[in-house]
Amino acid sequence: MNKEYILELLLTNKIRKTQFRIELLEVFMNTKYGLSFKDVKERISSTQDKVTIYRALTIFEKKGIIHKVPNTNDVSKYAICPEACSEKAHQHNHAHFICTQCEKTFCVDEIELPILKKVKGYKIKRSNLTLEGDCPDCI
Ligand SMILES: [Zn+2]
Ligand SMILES: [Zn+2]
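Rules used throughout
- Residues numbered from 1 in each chain as written.
- Chains lettered and ligands numbered in written order.
- Predicted model: local features only at pLDDT ≥ 70, side-chain atom pairs only at ≥ 80, totals over all residues.
- Helix = DSSP H or I, 4+ residues; strand = E, 2+ residues; numbered from the N terminus.
- Buried ≥ 20, exposed ≤ 12 C-beta atoms within 10 Å, placed from the backbone.
- Pairing = 2+ DSSP bridges.
- Expected span 1.5 Å × (residues − 1).
- Arc of directions from axis to C-beta.
- Contact = placed C-beta atoms within 7 Å.

## As for the environment of Arg16
Here's step 1: For Arg16, the position within the fold is in the loop between helix 1 (3–12) and helix 2 (19–29).
Here's step 2: Assessed through the 7 C-beta atoms surrounding it within 10 Å, Arg16 is described here as exposed.
Here's step 3: Sequence-wise, Arg16 and Lys63 are 47 residues apart; in three dimensions their C-alpha atoms are separated by 13 Å.

Written as structure tokens, this is what we have:
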């Protein structure tokens, strides 16, 4: 993933490009696990303004560029969506893996999600599969 891809992503989603937003996307692309607000703040050099960071995370989530990942506590963590996701064709139908040792959350594309039986009277819009165990770094 390179800078051209990031600029394209911002352009396609009609998000104003700022040095910070580009840096933020770079951080997400270079991190394989979900990042909390605090994690993001620690990795960013172009701004430390809370409102700016929150606003960018909100816009990116709304546009489907990043998504919330399951977590062991109440802290929101975000990860970048696989390339197939976009505002229109939003999928997010991948599993997540939470490491019980380092508590990182990873997006796992390799696992095919099980097809669920229909539940009478309910319309299922999404399902989540969260796996727990030891990540490659902690095994
Ligand atoms: Zn781990
Ligand atoms: Zn994910």
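## Some details on unusual backbone geometry
Here's step 1: Positive phi, normally seen in glycine, also occurs at Lys14, with a value near 55°.
Here's step 2: Take Lys14: it is sitting in the loop between helix 1 and helix 2.
Here's step 3: Taking the number of C-beta atoms within 10 Å as the measure of exposure, Lys14 has 9 and is therefore exposed.
Here's step 4: Of note, the phi angle at Glu103 is positive, near 65°, even though the residue is not glycine.
Here's step 5: In this structure, Glu103 sits in the loop between strand 4 (95–99) and strand 5 (105–108).

## Observations concerning the sheet that holds strand 3 (residues 77–80)
Here's step 1: One open sheet holds the three strands; their spatial order is 1-3-2, and the pairing between them is antiparallel. Here the strands that pair on one side only, and so sit at the sheet edges, are strand 1 (35–36) and strand 2 (66–69).
Here's step 2: Note: strand 2 against strand 3, four bridges, orientation antiparallel. Paired with His67 across the two strands is Ala79, which belongs to strand 3.

## Structural notes on helix 4 (residues 50–62)
Here's step 1: Across its 13 residues, helix 4 extends 18 Å between first and last C-alpha, which sits within 8% of the 18 Å expected from 1.5 Å per residue.
Here's step 2: When helix 4 is considered as a whole, its buried residues turn out to be Ala56, Leu57 and Phe60. Across the axial projection of helix 4, the buried residues extend over an arc of 100°, all falling on one side. Of the exposed residues in helix 4, the ones pointing more than 90 degrees away from its buried face are Lys50, Val51, Tyr54, Arg55, Thr58 and Lys62.
Here's step 3: The inward-facing, buried residues of helix 4 contact helix 2, strand 2 and strand 3.
Here's step 4: In the stretch just after helix 4, Gly64 is the one whose phi turns positive, near 80°.

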